[in-house]
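These are the residues of each chain, in order.
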Amino acid sequence: MAEERTFSIIKPDATRRNLTGQINAMLEDAGLRIVAQKRIRMTTGQAEEFYGVHRERPFFNDLVAFMTSGPVVVQVLEGEDAVAANRKVMGATNPAEADEGTIRKRFAESIEANSVHGSDSRENAAIEIAYFFSGTEIVG
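Definitions and limits used
Residues numbered from 1 in each chain as written. Predicted model: local features only at pLDDT ≥ 70, side-chain atom pairs only at ≥ 80, totals over all residues. Heavy atoms only, no water. Helix = DSSP H or I, 4+ residues; strand = E, 2+ residues; numbered from the N terminus. Rg over C-alpha atoms; globule rule 2.2 N^0.38 Å. Buried < 20%, exposed > 50% of the residue type's maximum accessible area, 1.4 Å probe, protein only. Contact = heavy atoms within 4.5 Å. Areas by Shrake-Rupley, 256 points an atom, 1.4 Å probe, with all protein chains shown as cover. Phe/Tyr/Trp six-rings, centres within 6.5 Å; stacked < 30°, edge-to-face > 60°. Lys NZ or Arg CZ within 6 Å of the ring centre and 35° of its normal. Pairing = 2+ DSSP bridges. Axes fitted to C-alpha atoms, helices over the stretch in contact; angles between N-to-C directions. Arc of directions from axis to C-beta.

1. Focus on the overall build of the protein chain
Then comes step 1: When helices and strands are tallied, the protein chain shows seven helices and four strands.
Then comes step 2: The helix and strand sequence of the protein chain, counted from the amino end, reads β-α-α-β-α-α-β-α-α-β-α.
Then comes step 3: Relative to the 2.2 N^0.38 estimate, which gives 14 Å for 140 residues, the radius of gyration of the protein chain is 14 Å and therefore close to what a compact globule would have.
Then comes step 4: With the C-alpha coordinates aligned to their principal axes, the bounding extent of the protein chain is approximately 35 × 35 × 25 Å.
Then comes step 5: The buried share of the protein chain, taken over its 140 residues, is 48%.
Then comes step 6: When contacts within the protein chain are restricted to residue pairs at least 6 apart in sequence, those whose partners lie at least 24 apart make up 78%.
Then comes step 7: Here the protein chain displays about 7200 Å² of accessible surface, and carbon together with sulfur accounts for 48% of that area.

Below you can see the structure in the form of structure tokens.
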């Protein structure tokens, strides 16, 4: 296993309920370090570009509307096997299928409003990190 970085978003449903600190604690308890973090309001253009891979899917417009409905917290996480570690602590996309003790089991309101996003691979993590952060904003 190698030390790596991954990308995370605390979604609008979670920021609206002031869950950022609790989610951060769960990430840190899972062995991840937050090496960059900022609270932003995603623009429609940013959300459309970021989720562009889903453009042809029927849920695309709803996803963009949801992700721009309130502030989000974008983060760079670092740790041993960070992509897998983050995905494990996030839990399944569908909170009904998420394991006990995961972020989505504990906090998600629905499949869409599932509190967090996380990169699914090291390659996508690098792309997603670069989309929101410059190298100088990441302090390891």
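Now that the structure is up, let's keep going.
2. Here's the deal with the packing of aromatic side chains
Then comes step 1: Within this structure, the stated rule accounts for six aromatic pairs.
Then comes step 2: Taken together, a centroid distance of 4.9 Å and an interplanar angle of 85° make the contact between Phe50 and Tyr51 edge-to-face.
Then comes step 3: The rings of Phe7, Phe50, Tyr51, Tyr131 and Phe132 are connected pair by pair, giving a single aromatic cluster.
Then comes step 4: Over the ring of Phe133 we find Lys38, and its NZ or CZ is 4.8 Å from the ring centre.

3. Some details on the sheet that holds strand β3 (residues 72–80)
Then comes step 1: Taken in spatial order, the four strands make up an open sheet running β2-β3-β1-β4, and their pairing is antiparallel. Two strands close off the open sheet at either side, each with one partner strand: β2 (33–40) and β4 (116–118). Strand after strand, the sheet turns through a mean of 20° between neighbouring axes, direction not considered.
Then comes step 2: Bridge count for strand β1 (residues 3–10) against β3 is eight bridges, and the pairing is antiparallel. Within β3, the residue paired with Arg5 across the bridge is Glu78.
Then comes step 3: Running at roughly 35° to β1, helix α5 (residues 82–90) makes contact with β1, β3 and β4 of the sheet.

4. Some words on the pairing of β1
Then comes step 1: Counting buried residues along β1, six of its eight residues qualify, which places the element largely inside the surrounding structure.
Then comes step 2: In terms of strand pairing, β1 meets β4 through three bridges, oriented antiparallel. The residue of β4 that forms the bridge with Ile10 is Val116.

5. Let's talk about the environment of Tyr51
Then comes step 1: Structurally, the position occupied by Tyr51 is in the loop between α3 (44–50) and α4 (60–67).
Then comes step 2: Tyr51 sits in the buried class, given a relative accessible area of 6%.
Then comes step 3: In this structure, the C-alpha to C-alpha distance between Tyr51 and Asn61, residues 10 residues apart in sequence, is 10 Å.
Then comes step 4: When sequence neighbours within four positions are dropped, the list of residues in contact with Tyr51 reads Ile9, Phe60, Leu63, Met67 and His117.

6. Some words on α5
Then comes step 1: All of the buried residues in α5 are Ala82, Val83, Asn86, Val89 and Met90. Buried positions in α5, seen along its axis, are confined to an arc of 140° and lie on one side of it.
Then comes step 2: Buried residues belonging to α5 abut β1, α2 (20–29), β3, α6 (103–107), β4 and α7 (122–132).
Then comes step 3: Gly91 lies just past α5 and shows a positive phi near 90°.

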